[in-house]
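Geometric and topological summary
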Protein chains: 2
Amino acid sequence: MSYAVSPLALPFPELPAIAGAIPHVARAQYKTWDRCDLTFVALEPGTAVAGVVTQSKCPSPEVEWCRNALVLGEARALVVNAGNSNAFTGGRGRAAVEAIAARTAAHLNCKPSDIFVASTGVIGVPLPVDKAEAGLDAAFASQPCSWRDVAEAIGTTDTFTKGATTTAIVDGKTVTLVGVIKGSGMIAPDMATMLGFIFTDAAVDGAFLQAALSSANAGTFSCITVDGDTSTSDTVLAFATGHAKNAPLTGDESAGADAFRAALADLCHQLAQLVVRDGEGATKLIEITVEGAESDRSAHRIAMSIANSPLVKTAIAGEDANWGRVVMAVGKAGEPAERDRLSIRFGATQVAKEGLAVEGYDETPVAAHLKGREVTVGVELGLGEGRATVWTCDLTHGYISINADYRS
Amino acid sequence: MSYAVSPLALPFPELPAIAGAIPHVARAQYKTWDRCDLTFVALEPGTAVAGVVTQSKCPSPEVEWCRNALVLGEARALVVNAGNSNAFTGGRGRAAVEAIAARTAAHLNCKPSDIFVASTGVIGVPLPVDKAEAGLDAAFASQPCSWRDVAEAIGTTDTFTKGATTTAIVDGKTVTLVGVIKGSGMIAPDMATMLGFIFTDAAVDGAFLQAALSSANAGTFSCITVDGDTSTSDTVLAFATGHAKNAPLTGDESAGADAFRAALADLCHQLAQLVVRDGEGATKLIEITVEGAESDRSAHRIAMSIANSPLVKTAIAGEDANWGRVVMAVGKAGEPAERDRLSIRFGATQVAKEGLAVEGYDETPVAAHLKGREVTVGVELGLGEGRATVWTCDLTHGYISINADYRS
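Residues numbered from 1 in each chain as written. Chains lettered and ligands numbered in written order. Predicted model: local features only at pLDDT ≥ 70, side-chain atom pairs only at ≥ 80, totals over all residues. Heavy atoms only, no water.

So, the overall build of chain A
The secondary structure content of chain A amounts to eleven helices and 14 strands. A globule of 408 residues ought to have a C-alpha radius of gyration of about 22 Å, and chain A, at 22 Å, matches this closely. Dimensions of chain A, computed from C-alpha atoms along their principal axes, come out at roughly 70 × 50 × 35 Å. In chain A, which comprises 408 residues, the share counted as buried stands at 62%. Look at the contacts in chain A between residues 6 or more apart in sequence, and 80% of them connect residues 24 or more apart. When the accessible surface of chain A is totalled, it reaches about 13900 Å², and 51% of it is carbon and sulfur. Seen as two clouds, the 32 positive and the 46 negative side-chain charges of chain A have centres 4 Å apart. (Helix = DSSP H or I, 4+ residues; strand = E, 2+ residues; numbered from the N terminus. Rg over C-alpha atoms; globule rule 2.2 N^0.38 Å. Buried < 20%, exposed > 50% of the residue type's maximum accessible area, 1.4 Å probe, protein only. Contact = heavy atoms within 4.5 Å. Areas by Shrake-Rupley, 256 points an atom, 1.4 Å probe, with all protein chains shown as cover. Lys, Arg positive; Asp, Glu negative; His and termini not counted. Charge placed at Lys NZ, Arg CZ, Asp CG, Glu CD.)

Here it is as structure tokens:
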């Protein structure tokens, strides 16, 4: 089944090649479709890797595999399967991941633990090893492809193809970062969202890459939600080939560490926004900022309570400045809040202040703001200095159509 | 705006009179509608009262008023306003509640703190005191009405009128309990749901009534959810007039205490089910039981994670036995769970066992079960003895239509 392209879609950008990271795609035909659904990215020896994966208590075997492989901090390849998440498949699912890693490692003459595997799609059906192996063989034999081909091959219910790029100056060298991502529903990342892959030619020590990715994740992937439903397969991996020949980044004291951190955070921000823009049924991108909380963590929880409230999301879908539902969502978050200090704005217009409606506020700019594609909601709690911003989308008939029809 | 009657509606039962509790309804016209929207129930001196109210951090002034009045444990009247929740209205909202209590107390020659007030409807608009007072005066002057009239007068977006009754033998006397309730959306009670009122002629000490109500609430109102959105106004109050002349129930050692507790719990169960049956857009009543958890509390949290998952709710709306989404919801709950011990059933059919799909399970009874109006989902975690059952409804286009259109 395919759905109309999200009205919030952005065009796919030009993504440069990353020396040392060579992408290939192939048809494993995990579903009865005529498209590439297996991705293989060969990584040159010495590539550092970092990752963040779902905190689900029922993760896919791929997530467990990556979690173990990340401890070793080296990567020679990434393999991604689309159409079958291989989650909740017991010993057969684990065996499938091991078979993929083994065959790829044999091809590259490396250790299986240098192979990173991710899968996305239906839950509960063991990934067919024969299809995976045939797909891998085809990928090994294929010509390299573009990042756009990769972004298309990793997608499932995505309505548009998502990628981003940025650069940073490190040690006098320009380093390049590219990222591709997929995701549309089952989006409420705990530590990461669905599948996202970042490649850079920067020389970066694995531990520092992990620190920078974890930090970037906290303000980007961990701050988006489509439906509050955290996936069993969420994975973001970052690979650094070192081909830019900068003096390796080993810690915050390294020259260019700040620039690299900023570039990585910017890339993660772009990728996370693209996922929300493809939220199932989304017609509006919603940015929710909570300030004046007792702590940043408290602000984040309140912001997520608002972002996951179906009543807030449907009100915005209906272009209704229903700030009473925002009050409700603040109140149910279970975090410190005082009704009589609470203020709320839509766009730039204060609609409620210190516990009651702003009398006679001008509804015209509010109505105009809500008619747009990008809606901002601001909440001031008046308690402390804690703040957080999160992003979500509205809840529409499109979400119901997609999810009450999509057959497992 | 009015919506089609829920396909899960039940007929309103015959509700007997409760000696000592005399209901009246009147038109305060809080909205431009032609219906009674103010309820006044006169309670004879000596009526005991108990209550559970929302845990929202942004409660309505009515909730705060009741919370304070409950400490005193006596009731002479209940006043309910429909069409305006008076929540988030600052000092004017508080003044409105005080005015209602004062006028009612003056009429009955009692203390204002003996008057219990609840309001439901739009958030953020101060309850108009003039309309409330005129409505009260009309109610004082009116003939008593039926419980059905009360159930209709307290409703807002409800698509059917909800009440229940039961009896118990206490100290050789038959005591009668009746209850009315309203609620359809913004339902995820923390300690209570929307507005529910219970009247009994049993003689019950206030403290014991509170203990019995709190206990009944924990397994009923606190176990339902429509949309995960906890209201600012949730209130359940129970009044016991003592007219049945049983030896007063003062504790669990009193004769008939168990029978009364059981009857109250049964009544609360009936009322809570009615709210889920009127869940906005609901077409199916869903019962979710989680067993084998580390504790009852853990089981409850996992069951609520499933019940609030939009992906589970839309799958059931689409009559799709998508147990992968149940796995996802178990995994995201943050409670102890082990994927490889997890088993899931729809109706009586085991579809997944110990971490993977039951191969070749018979889909026929599952499909038939999902086509029905009442769907049961069972989860066995295989970890301990903890169990919980919660109730919710499916998520359909009806929910979106109701909430993206309903203008604040």
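Continuing now.
Points about the pairing of strand β8 (residues 235–240) of chain A
Residue and element names in this part refer to chain A. Where burial is concerned, most of β8 is hidden: six out of the six residues are buried. Pairing of strand β2 (residues 38–53) with β8, which is carried by six bridges, proceeds in the antiparallel orientation. The residue bridging V49 from the neighbouring strand is F239, located in β8. Bridge analysis of strand β7 (residues 195–200) against β8 gives six bridges, and the strand direction is parallel. Bridge pairing links I198 to A238 in β8. Between the parallel pair β7 and β8, the chain is carried across by helix α5 (residues 206–219), and the sense of this crossover is right-handed. (Pairing = 2+ DSSP bridges. Right-handed = clockwise from strand over helix to strand, strands pointing away.)

Quick notes on the interface of chain A and chain B
The interface is formed by 64 residues belonging to chain A together with 64 residues belonging to chain B. Roughly 5000 Å² of surface becomes buried between chain A and chain B when both sides are summed, with 59% attributable to carbon and sulfur atoms. On the chain A side of the interface with chain B, the three residues burying the most area are A:K57, A:F88 and A:R339, jointly 17% of the side's total. Here chain A and chain B share six salt bridges between them. For A:R94, the salt bridge is made with B:D340, and the minimal N-O distance between the two is 3.1 Å. Our count for the chain A to chain B interface comes out at 15 residue pairs in polar contact (both at pLDDT 80 or more). Among the elements that take part in the side of chain A that touches chain B, helix α9 (residues 323–332) of chain A stands out by supplying eight residues, more than any other. Here the residues of the side of chain A that touches chain B sort into 25 nonpolar, 23 polar and 16 charged. (Buried area = accessible area lost by both parts, 1.4 Å probe. Salt bridge = Lys/Arg side-chain N within 4 Å of Asp/Glu carboxyl O. Polar contact = N/O pair within 3.5 Å; in protein donor to acceptor, adjacent residues only side chain to side chain. Nonpolar A, V, L, I, M, F, W, Y, C, P; charged D, E, K, R; others polar.)

Focus: the sheet that holds strand β9 (residues 285–293) of chain A
Residues and elements named next belong to chain A. Overall, mixed pairing links the six strands, which are arranged β12-β11-β10-β13-β9-β14 in an open sheet. Here the strands that pair on one side only, and so sit at the sheet edges, are β12 (356–357) and β14 (386–393). Of the strand pairs in this sheet, strand β10 (residues 343–346) and strand β11 (residues 349–353) are connected by three bridges, and their pairing is antiparallel. Bridge pairing in β11 links F346 to T349. Helix-sheet contacts for helix α6 (residues 257–277) involve β9, β13 (374–380) and β14, and the interaxial angle to β14 is about 45°. (Axes fitted to C-alpha atoms, helices over the stretch in contact; angles between N-to-C directions.)

What to know about unusual backbone geometry
Residue and element names in this part refer to chain A. Residues other than glycine seldom take positive phi values, yet Q29 does so here, at roughly 55°. Among the secondary structure elements, Q29 is positioned in the loop between β1 (21–26) and β2. Judged by its relative accessible area of 27%, Q29 falls in the partly exposed class. In the Ramachandran plot, F88 falls in the positive-phi region, its phi being about 60° despite a non-glycine side chain. Of the residues examined, F88 reaches a relative accessible area of 1% and is grouped as buried.

Concerning the relation of the copies chain A and chain B
It takes a turn of 180° to lay chain A on chain B, together with a shift of 0.0 Å along the axis; the resulting RMSD is 0.0 Å. The superposition of one copy onto the other is thereby described by a two-fold rotation axis. Of every C-alpha in chain A, the one belonging to A:H397 sits nearest the axis of rotation, 2.9 Å from it. The fraction of interface residues of chain A whose copies in chain B are also interface residues reaches 100%, indicating that both copies meet through the same surface. (Least-squares fit on C-alpha atoms with pLDDT ≥ 70 in both.)

Observations concerning the pattern of salt bridges
Applying the stated criterion across every chain yields a total of 36 salt bridges over all chains. Here B:R103 ties to B:D137 by a salt bridge, and the two come within 2.9 Å at their closest N and O atoms. With B:R103 in helix α2 (residues 90–108) and B:D137 in helix α3 (residues 129–141), this residue pair connects regions lying 34 residues apart in the sequence. On the accessibility criterion, B:R103 (30% relative accessible area) is partly exposed. One network of salt bridges, in which partners are shared, links A:E64, A:R94, B:R339 and B:D340.

Examining helix α2 (residues 90–108) of chain A
In this model α2(A) runs 28 Å from its N-terminal to its C-terminal C-alpha over 19 residues, within 8% of the 27 Å that 1.5 Å per residue would give. Among the residues of α2(A), those classed as buried are A:G90, A:G93, A:A96, A:V97, A:A99, A:I100, A:A101, A:T104, A:A105 and A:L108. Where α2(A) is buried, its residues touch β2, α1 (61–72), β3 (74–84), β4 (115–122) and α3 (129–141) of chain A together with β12 (356–357) of chain B. The first or second residue beyond α2(A) is A:N109, which carries a positive phi of 60°. (Expected span 1.5 Å × (residues − 1).)

With respect to the domain arrangement of chain A
Residue and element names in this part refer to chain A. For chain A, the domain assignment lists domain 1 (21–277) and domain 2 (285–405). Once you take the C-alpha centre of each, domain 1 and domain 2 turn out to be 33 Å apart. The partner domain 2 presents 13 residues to the twelve residues of domain 1 that form the contact. Counting each side, the surface lost to burial between domain 1 and domain 2 is near 1100 Å², with a carbon and sulfur contribution of 58%. Taken as a group, C223, T225 and V276 account for 42% of the area that domain 1 buries against domain 2, more than any other trio of residues on that side. Summed over the shared surface of domain 1 and domain 2, the number is one salt bridge. Two residues, R277 and E374, come together in a salt bridge whose shortest N-O distance is 2.7 Å. Applying the counting criterion to the domain 1 and domain 2 interface returns seven residue pairs in polar contact (both at pLDDT 80 or more). For the side of domain 1 that touches domain 2, the element with the most residues is α6, which contributes four residues. (Domains from an automatic or database assignment.)

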